Amino acid sequence: AVVSTQSTGKATEKTVVRDVDCISSIFRGYKGDVAPSDPHPLLELFRGVWPHLLSAMSLCARSVNDTERVCRCIRYALRAVGQRVPDVLDSLAAGLIQLYTVQAHSCVLYLSSVIVDEFSSHPTLTDGLLGLFSAMGPKTFEILSAQHGLERNPDTVDDFFRLCCRYMQHLGPRIVNSGIMDTLVEIGTMCLTLQNKEAQGSAVKFLDMVLQRATHEGCDTSKELLRRRGQQMVNHVVLGISGGIPGVLLKDPVIFLHDLVAAFGEEGKAWLRYSMGTIPIGVYVTQAQVEELYTKVSSPAIPTFDLVVFCKEINRCFS
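To start, this report covers the structure provided alongside it. (Residues numbered from 1 in each chain as written. Predicted model: local features only at pLDDT ≥ 70, side-chain atom pairs only at ≥ 80, totals over all residues. Heavy atoms only, no water.)

1. What to know about the packing of aromatic side chains
Evaluation of the coordinates by the stated rule reveals 9 aromatic pairs. Measuring from centroid to centroid gives 4.4 Å for Phe 133 and Tyr 167, while their planes differ by 35°, and the two rings are tilted. Highlighted residues: Phe 133 in helix α7 (residues 126-145) and Tyr 167 in helix α9 (residues 154-176), separated in sequence by 34 residues. Within the aromatic cluster, the residues linked to one another by ring pairs are Phe 133, Phe 141, Phe 160, Phe 161, Tyr 167 and Phe 206. The ring of Phe 264 carries Lys 223 above its face, with NZ or CZ at 5.3 Å from the centroid. (Phe/Tyr/Trp six-rings, centres within 6.5 Å; stacked < 30°, edge-to-face > 60°. Helix = DSSP H or I, 4+ residues; strand = E, 2+ residues; numbered from the N terminus. Lys NZ or Arg CZ within 6 Å of the ring centre and 35° of its normal.)

Structure (structure tokens):
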């Protein structure tokens with residue numbers, strides 16, 4: 001159907017999206033498990049519709065709903081046959097970059113995560129994948145750095161940091177040493193007190209992956225990135241503990257804080273001691289409670305469950 005409307009020059013956004021939904025249902029419904037050496041039953045279909053899916057991205061760029069439907073279709077298609085079509089990366093990346101400049105919707109970021117999953121095992125595609133990430137970054141930073149940008153765009157925060165985690169997982173050494181990394185850590189730091197569970201969780205997971213590279217893989221670049229923002233990170237989590245965010249959102253930031261302080265030793269304890277000085281004494285909590293909080297956070301041996309429970313107790317004092 002897509003071919004016929006395109007070839008007669010009568011394609012409209014409505015008819016193209018209808019056809020995209022039909023194609024999407026085919027790829028979504030495929031549950032086969034084909035060996036890499038065997039022919040894939042949907043490969044010919046993919047090759048046939050691919051040029052028209054690229055055209056659909058451009059045609060539907062002005063509509064958020066239609067953009068989501070096109071991206072969903074491509075996502076299902078790549079999940080079905082992605083390992084067999086590495087040659088589509090260049091055209092797909094170019095189309096997504098163009099689409100994102102017009103319609104900076106989080107579904108484009110989500111689709112980009114699927115692309116990294118499917119194509120990162122091909123060494124010849126690494127530069128193309130990094131180019132895609134570099135092109136998405138500035139527009140995303142512009143959105144999230146605007147006034148109240150994090151609070152107003154939780155889906156973008158969530159999908160962007162999920163994408164960052166995919167790059168850390170598959171192309172960690174390259175992304176850590178890229179020029180974009182400092183900004184990622186900066187925005188991730190601001191998300192430590194973001195009052196959206198999914199968005200905050202994705203950002204903290206990314207920061208934790210950076211920390212794991214520093215501590216378990218001995219990555220000096222990762223450690224320096226964290227050191228540069230260390231005091232700010234600790235400040236944000238301590239602010240969250242002292243009433244800045246609801247207790248239900250404390251678990252991930254508190255565990256990250258504990259690991260961060262442990263990783264930096266005396267330097268981490270100094271960050272923590274400074275932040276504790278910002279907690280108002282006598283209004284909501286006592287000096288003894290603040291000292292106990294410092295002791296627990298700075299103790300590597302404390303079970304994280306007990307630490308989180310205690311931090312939630314402190315948080316309730318500020319309610």
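On we go from here.
2. Points about helix α5 (residues 89-102)
For α5, built from 14 residues, the straight-helix expectation of 20 Å at 1.5 Å per residue is met to within 8% by its first-to-last C-alpha distance of 20 Å. Along α5, the positions that sit buried rather than exposed are Leu 89, Leu 92, Ala 93, Gly 95, Leu 96, Leu 99 and Tyr 100. Down the axis of α5, the sector holding all buried residues measures 165°, keeping them to one side. Residues of α5 that are exposed and point over 90 degrees away from its buried face: Asp 90, Gln 98 and Thr 101. Summarising the contacts, the buried residues of α5 are in contact with α3 (43-59), α4 (64-81), α6 (106-119), α7 and α9. (Expected span 1.5 Å × (residues − 1). Buried < 20%, exposed > 50% of the residue type's maximum accessible area, 1.4 Å probe, protein only. Arc of directions from axis to C-beta. Contact = heavy atoms within 4.5 Å.)

3. Observations regarding the pattern of salt bridges
The tally for this structure, following the rule as stated, stands at 18 salt bridges. Between Arg 69 and Asp 21 there is a salt bridge, and its shortest N-O distance comes to 2.4 Å. Here Arg 69 is found in helix α4, whereas its partner Asp 21 is found in helix α2 (residues 13-29), with 48 residues between them in sequence. Classification of Arg 69 by relative accessible area gives partly exposed; the value is 22%. Put simply, Arg 273 and Glu 291 hold a salt bridge, and the shortest N to O gap is 3.0 Å. (Salt bridge = Lys/Arg side-chain N within 4 Å of Asp/Glu carboxyl O.)

4. Focus: the nonpolar core
Membership of the largest hydrophobic core comes to 109 residues, with the highest contact counts inside it found for Ile 115, Tyr 167 and Phe 206. Broken down by element, this core gets its largest block of residues, 11 residues, from α9. In this view, Ile 115 contacts Leu 78, Leu 89, Leu 92, Leu 96, Ser 120, Leu 129 and Leu 132; residues no more than four positions away in its chain are not counted. (Core = buried A, V, L, I, M, F, W, Y, C linked by side-chain atoms within 4.5 Å.)

5. Quick look at unusual backbone geometry
One non-glycine residue, His 148, lies in the positive phi region at around 60°. Among the structural elements, His 148 can be located in the loop between α7 and α8 (149-152). Relative accessible area serves as the criterion here: at 42%, His 148 is assigned to the partly exposed category.

6. What to know about the packing of α3 against α4
The contact between α3 and α4 brings their axes to 11 Å, and the two run at 155°. Between α3 and α4, the crossing angle belongs to the class labelled roughly antiparallel. Viewed along their axes, α3 and α4 form a crossing whose handedness is left-handed. Residues Leu 43, Phe 46, Trp 50, Leu 53, Ala 56 and Met 57 of α3 lie in contact with α4, whose contacting residues are Val 70, Cys 73, Ile 74, Ala 77, Leu 78 and Val 81. (Axes fitted to C-alpha atoms, helices over the stretch in contact; angles between N-to-C directions. Parallel < 35°, antiparallel > 145°, perpendicular 65-115°, else oblique. Left-handed = near helix turned anticlockwise from the far one by under 90°.)

7. Some remarks on helix α10 (residues 181-190)
Three or more residues of α10 are buried, namely Met 181, Leu 184, Val 185, Ile 187, Gly 188 and Thr 189. The elements touched by buried residues of α10 are α7, α8, α9, α11 (197-215) and α12 (220-244).

Remember, this is a structural readout, not a statement about activity or role.
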